[in-house]
Amino acid sequence: RFVGLEIDRLEPMTFSTHPVMLRIGGDYYVRSIQKVNADGSLTFYCAIDEGLVLTMARGVDLLENLAQTFETVKRTIPQPKLVIGCECILRRLEILEKGMQNEAAALMNAHNVVGFHTYGEQYNGVHVNQTFTGVALGD
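Residues numbered from 1 in each chain as written. Predicted model: local features only at pLDDT ≥ 70, side-chain atom pairs only at ≥ 80, totals over all residues. Heavy atoms only, no water.

1. Some words on the overall build of the protein
Of regular secondary structure, the protein possesses four helices and ten strands. Each helix (α) and strand (β) of the protein, taken in turn from the N terminus, gives the series α-β-β-β-β-β-α-β-α-α-β-β-β-β. Considered along the principal axes of its C-alpha atoms, the protein spans approximately 55 × 35 × 20 Å. In the protein, which comprises 139 residues, the share counted as buried stands at 32%. At a minimum sequence separation of 6, the contacts of the protein that also span at least 24 residues come to 69%. Surface accessibility of the protein: about 9,000 Å² in total, with carbon and sulfur atoms responsible for 53%. Of the side chains in the protein, 12 bear a positive and 16 a negative charge, and the two mean positions are spaced by 4 Å. (Helix = DSSP H or I, 4+ residues; strand = E, 2+ residues; numbered from the N terminus. Buried < 20%, exposed > 50% of the residue type's maximum accessible area, 1.4 Å probe, protein only. Contact = heavy atoms within 4.5 Å. Areas by Shrake-Rupley, 256 points an atom, 1.4 Å probe, with all protein chains shown as cover. Lys, Arg positive; Asp, Glu negative; His and termini not counted. Charge placed at Lys NZ, Arg CZ, Asp CG, Glu CD.)

2. Focus: the sheet that holds strand E5 (residues 54–56)
Strand order in the open sheet formed by three strands is E2-E1-E5, with antiparallel pairing between adjacent strands. Each of the sheet's edge strands pairs with one partner strand only, and the pair in question is strand E2 (27–31) and E5. Within this sheet the neighbouring strands show an average axis-to-axis angle of 40 degrees, counted without direction. Where strand E1 (residues 20–24) lies against E5, three bridges are found, and the strand directions are antiparallel. Of the residues in E5, the one forming a bridge with Val 20 is Met 56. (Pairing = 2+ DSSP bridges. Axes fitted to C-alpha atoms, helices over the stretch in contact; angles between N-to-C directions.)

3. Topic: the sheet that holds strand E10 (residues 132–138)
Pairing is mixed in the open sheet, where three strands are placed in the order E7-E6-E10. Bordering the open sheet on either side are strand E7 (113–118) and E10, each of which pairs with just one other strand. Across the sheet, the axes of successive neighbouring strands diverge by a mean angle of 10 degrees, strand direction being ignored. Relative to E10, strand E6 (residues 80–88) is paired through seven bridges, and the arrangement is antiparallel. Along E10, the bridge assignment pairs Val 83 with Ala 136.

Below, the structure written as structure tokens:
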């Protein structure tokens with residue numbers, strides 16, 4: 001109902017572009033939906049307890065956000081030479097869904113990113129999805 005689709009039309013691409021978030025303390029963490037089950041319940045990629053209140057998130061421009069992140073890295077680490085990146089596979093799905101694979105690849109190449117896709121990351125002891133994390137090495 002929130003994304004304007006019938007239940008039988010919900011699929012991974014839908015979930016990757018319409019994430020839900022869980023508020024813990026004053027911070028929000030992405031909780032990505034994996035699938036709709038036959039009984040109408042949802043299976044998530046990460047732990048979720050029954051009865052928790054979730055908030056529908058609005059995405060930001062993924063490529064612009066990534067470019068801003070790399071600019072922050074350059075201000076923090078003089079002359080970055082290599083970024084070892086870990087990107088949640090759900091970001092990859094969003095990139096494919098929106099046809100941004102060439103632009104994303106160019107941005108990653110321009111910042112010497114190597115790495116792999118993950119099924120989310122741990123942040124402050126919380127499993128989150130749709131993330132890009134990494135280690136930047138420089139002079």
